[in-house]
Amino acid sequence: MQPVDFAIITALAKEAQAVVSRLEQPTTRRFEAEDIRTYHYGTISFQAPGQFYRVVVITLPNMGTVSAANAVTDTIARWSPRFVLMVGIAGGIPQGDLDLGDVVIADQVVGYDYGKVTESGIQPRPRVYPASALLLDRIHNFWDNAWEQQVNVARPVNARRPISKRWVGPIASGNKVIASTEFRNQLLAQWPKLLAVEMEAEGVFGAIFDRPHIRGALVIRGICDMADERKSDEWQEYAANAAAAFVVAFLKSSPVEPIDASAEERQTEPSQKYHITINEAHGVVIGDQAHIVQRFTSEPVARERGFEVASSSPAQFMEIPGKTYRTLIGREPIIGDIIAALRDPGGKWLVGIDGMGGIGKTAMANEVIDRSQAEHLFDMVVWESAPKLERLHDTQAIGGLTFDTVLDGIGRQLGALDVPKLKSQDKEARVRTLLHNQRVLVVLDNLETAHESQNEIARRLQPFLNPGKALMTSRHRFKGDVYAVHLSGLDETSAIRFIYQEAEEKNISRIKVAEQSEFQQIAQSTGGSPLALKLVVGQLGHLSLDTVLNQLSKIRPPDSDTNEDDYLLFYKGIFFSSWQILSDAGKQLLISMAHFAPGVGGTSEAIQATSDLANDVLTRSIDELWRLSFLEIGESPSLNKLRYYLHALTQNFILSDVVQILK
């Protein structure tokens, strides 16, 4: 049996499922004639091209240190892992603001069951096992909090914080289920920095203690209760998934070299494997032989990773925008749908993300690229972006993006620098060949400002795809043969998590300790728009909540072109370009809909009565507003009954003095 990099031990089925569901190509292995255990084998890829860890996951038949030790012994004999990880749930010990759903990584495991029995009682003689120094070093230098967003089960509501944190410190281990404040406090009195208590880690460390080929162990636990009389199962599934999400994200950061790197690969010089070109202005790395895209912040970092670096003119390649967020919150189900569409080998060649300005379309595209690279879905990523409309009185699209310039950009970014000079027919043939010979993800951003119709660009691009795909973003909805995803505002829970994250990023402590009702008020007033949430959090650094929300809902036109405040610039960026191309009937319908409650709206009959538009005009206007992302459609059990409504920010814009002037 080929050795594995990591053996992951779990005590409960729900813990194992949380890990196995995150593995790539998981399979079940059984060796009935030799042992009774079921092993779940899979891989975890990381950013280095073609690199992955081999992982095996085991579930214990019973809880406790003995069961854990036996399982680890069998797993070592079968799979020869380099490292052993114990992953699952634990009871928390009150320290600071440690909360349910947080993840604790043990820097040492304290076996508290050991002691000497004397006439005067039991004298504790705990055994202390240090965690792997190597893995602990990597943990302390793992700063990516994206794992918080990978928890794919609902977060229970009885938490003090809207997001999970990670902690590093000692964990107690013994053969007892702790549901006693008194006993918990006894443990805390002996080890004041104790963070959690569980039942298997001491057995894991005992089993590997005399195995020199095992390089170490690490315990990662999600907090499911506080080891007191209130102990329940409510948080177990979330805590198990939080621990699993952290572990997989940590391994994806490639903390150690995988054992499957052959001697031949290790001896190969980097210049023989990859030739990398860096866009010096943006830190984007483009591979012309290996056909990969890697992002490095600087040339020294690229060289450190083993790449031969050749500089290029910053204008030679388009920029793949860097992330403007730490963790993409509240979009996990949608990202999953998009990745599934991109995985489909027989269709869904065009994927469109649409929604109002500031809703997070470009951030979504960025995240999809990262996830696609992690799964090695594409050999190359090409990014073309139309300019955004920002001026107040622009009356027509200013974007220079056309189907022809899209082909030029694809050619340049795939190394065919002569493509822009070719005649139309030759250009199409050349780009078609480039795209058919490798898996390329073509990203077209801000298509609402393209010089040609976005749907026409998509229609003409489709025959060029396969095996590649196209990912497109626009404020206008897509039509035709497009797998379309519409982005709306974050739900209340996600919006609150976003607020908390922004407050931490900006170090605005007064927001981090705000009341839940104030968080809810912000979420409702912004309609969950990430851009609006960023604006509000920034303003709350020096203004009261009432003042900020009042300015958000009652924008005013500037006294001059140089007197535009943040709120007006915000609304201009979101709405003005689409407002300028609306028909008179569309504007009339939009203004009439502002009388309905945002997020609630009304039926087509109620809207017609309010707008006083004829049936055929109303139908065309509804289609127009829907296409430009002014109008949202509510869920309905019947295809004959629809409710149309405005986003909270759309209603603010329509009711503002700015629109009154534009009318």
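Treat the numbers as computed from the prediction; the structure is a model and nothing was measured.

Trainee: Looking at this model, I keep getting lost on the overall build of the chain. Mind explaining?
Mentor: The number of helices and strands found in the chain is 25 helices and 24 strands. Of all 663 residues assigned to the chain, the portion counted as buried reaches 52%. Considering only contacts within the chain whose residues lie at least 6 apart along the sequence, 76% involve residues at least 24 apart. Here the chain displays about 29300 Å² of accessible surface, and carbon together with sulfur accounts for 49% of that area.

Trainee: Could you clarify how one ought to interpret the environment of V197 in this entry?
Mentor: Here V197 shows up in strand 11 (residues 196-198). V197 gets classed as buried once you look at its relative accessible area, which sits at 6%. Each C-alpha atom of the pair V197 and G91 lies 5.3 Å from the other, and the pair is 106 residues apart in sequence. Aside from chain neighbours lying at most four places away, what touches V197 is A90, G91, I93, Y112, A172, I178, L187 and A227.

Trainee: Where do I start with the sheet that holds strand 23 (residues 632-633) in this structure?
Mentor: Sheets are built from strands paired through backbone hydrogen bonds, the pairs being either parallel or antiparallel. An order of 22-24-23 is seen for the three strands of this open sheet, with the pairing classed as antiparallel. The open sheet is flanked by strand 22 (602-603) and strand 23, the only strands paired with a single partner. Alignment of strand 22 against strand 24 (residues 643-645), held across two bridges, turns out to be antiparallel. By the bridge assignment, G602 is partnered in strand 24 with Y644.

Trainee: What is the right way to look at the side chain of R54 in this model?
Mentor: When you line up the elements, R54 lands in strand 4 (residues 52-59). Residue R54 is classed as buried on the basis of its relative accessible area of 13%. There is a polar contact of 3.1 Å between the side chain of R54 and the side chain of Y41.

Trainee: It is not clear to me how the confidence of the model for the chain should be interpreted in this structure. Could you clarify?
Mentor: In this model, the chain carries an average pLDDT of 80, and 82% of its residues clear a pLDDT of 70 or more. Counting contacts from residues 261-319, a segment whose pLDDT is below 50, to residues more than four positions away or on other chains yields 104 contacts.

Trainee: What should I look at first to understand unusual backbone geometry in this one?
Mentor: Cis geometry is adopted by the peptide bond preceding P467, which originates at N466 and carries an omega value of 20°. Unusually for a residue other than glycine, S254 sits at a positive phi of about 55°. Following the sequence through the fold, S254 ends up in the loop between helix 6 (236-252) and helix 7 (263-267). In this model, N466 sits at a positive phi of 85°, which is unusual for a non-glycine residue. Structurally, the position occupied by N466 is in the loop between helix 14 (454-461) and strand 20 (469-474). A residue is classified by how much of its surface remains accessible, and N466, at 39% relative accessible area, is partly exposed.

Trainee: Looking at this structure, how should I read the packing of aromatic side chains?
Mentor: In this description, an aromatic ring pair is defined by two values, namely the gap between the centres and the angle between the planes. Overall, the coordinates contain 15 aromatic pairs when judged by the stated rule. Where F6 meets F83, the ring centres are 5.5 Å apart and the plane angle is 20°; that geometry is what we call stacked. Highlighted residues: F6 in strand 1 (residues 6-10) and F83 in strand 5 (residues 83-92), separated in sequence by 77 residues. For F6, a relative accessible area of 0% translates into the label buried. A residue is classified by how much of its surface remains accessible, and F83, at 0% relative accessible area, is buried.

Trainee: Is there a simple way to explain the nonpolar core in this structure?
Mentor: Where a protein is soluble and globular, its nonpolar side chains tend to be buried together. The biggest cluster of nonpolar side chains holds 82 residues, and the ones touching the most others in it are F6, V84, L85, L218, I220 and F246. Beyond its immediate chain neighbours, meaning those up to four positions away, V84 contacts A7, I9, V72, V204, I208, I214, G216, A217 and L218. L342, M364, L625 and Y644 belong to the second-largest nonpolar core, a separate cluster that totals 68 residues.

Trainee: For this particular structure, what's the right way to read the pairing of strand 18 (residues 380-385)?
Mentor: Burial runs high along strand 18: five of the six residues are buried. Two strands pair when backbone bridges link them, and strand 18 and strand 19 (residues 440-445) are joined in this way by six bridges, in the parallel orientation. Residue pairing for strand 19: W383 is matched across the bridge by V443.

Trainee: How should I be thinking about the sheet that holds strand 20 in this particular structure?
Mentor: Within the open sheet, the five strands sit side by side as 18-19-20-17-21. Their pairing is parallel. The sheet is open, and its two edges are formed by strand 18 and strand 21 (483-486), each paired on a single side. With direction set aside, neighbouring strand axes in the sheet form an average angle of 15°. Note: strand 17 (residues 350-354) against strand 21, four bridges, orientation parallel. Considered in strand 21, the bridge of I353 is made with V485. Packing against the sheet, helix 12 (residues 403-413) makes contact with strand 18 and strand 19, and its axis sits at approximately 145° to strand 18.

Trainee: Can you help me understand the environment of W79 in this one?
Mentor: If you trace the backbone, W79 turns up in helix 2 (residues 65-79). Residues W79 and A7, spaced 72 residues apart in sequence, show a C-alpha to C-alpha distance of 8.1 Å.

Trainee: I tried to follow the pattern of salt bridges on my own but got confused; where do I start?
Mentor: Pairs may arise between side chains of opposite charge once their charged atoms sit close together. By the definition in use, this model includes 30 salt bridges. A salt bridge links D5 to R82; the shortest N-O distance between them is 3.6 Å. Within this pair, whereas D5 is found in the segment before strand 1, its partner R82 is found in the loop between helix 2 and strand 5, the two being separated by 77 residues in sequence. Exposure remark for D5: the relative accessible area of 0% places this residue in the buried category. Its relative accessible area of 14% is what places R82 among the buried residues. The salt bridge partner of K534 is E502, with a shortest N-O separation of 3.2 Å. Of this pair, K534 sits in helix 18 (residues 530-539) while E502 is found in helix 15 (residues 492-506), placing the two residues 32 residues apart along the sequence. Through salt bridges with shared partners, one network takes in E15, E198, E200 and R221.

Reading the values: the criteria
- Residues take numbers from 1 onward in each chain, read along the sequence in its written order.
- pLDDT decides what is reported in this predicted model: residues at 70 or higher carry local features, side-chain atom pairs at 80 or more are listed and counted, and totals for whole chains, interfaces and linings draw on all residues regardless.
- Only hydrogens and water are set aside when side-chain values are computed; all heavy atoms of the structure are taken into account.
- Secondary structure elements are defined from DSSP: runs of H or I of at least 4 residues count as helices, runs of E of at least 2 residues count as strands, and each element is numbered from the N terminus.
- The buried label goes to any residue with under 20% of its type's maximum accessible area, the exposed label to any with over 50%, and the partly exposed label to all in between, with areas taken from a 1.4 Å probe on protein chains only.
- Every residue pair with non-hydrogen atoms within 4.5 Å of one another is taken to be in contact.
- Residue burial considers only the protein chains on display, and all accessible areas are found by Shrake-Rupley using a 1.4 Å probe.
- Any two strands with at least two DSSP bridges between them are considered paired.
- Think of a polar contact as two N or O atoms within 3.5 Å of one another; within protein, one of them needs to be a possible hydrogen donor and the other a possible acceptor, and neighboring residues in sequence only count if both atoms come from side chains.
- Each residue gets a pLDDT score, which is the predictor's confidence in that residue and runs from 0 to 100.
- Note on aromatic pairs: the rings of Phe, Tyr and Trp (six-membered ring only in Trp) are paired at centre separations within 6.5 Å, and the planes decide the class, stacked below 30 degrees, edge-to-face beyond 60, tilted for the rest.
- Here, nonpolar core means buried Ala, Val, Leu, Ile, Met, Phe, Trp, Tyr and Cys residues that are tied together by side-chain atoms lying within 4.5 Å of each other.
- To get an axis, fit a line to the C-alpha atoms, keeping to the stretch in contact for a helix; angles then go from 0 to 180 degrees between the N-to-C directions.
- For salt bridges, the criterion is a side-chain nitrogen of Lys or Arg within 4 Å of an Asp or Glu carboxyl oxygen.

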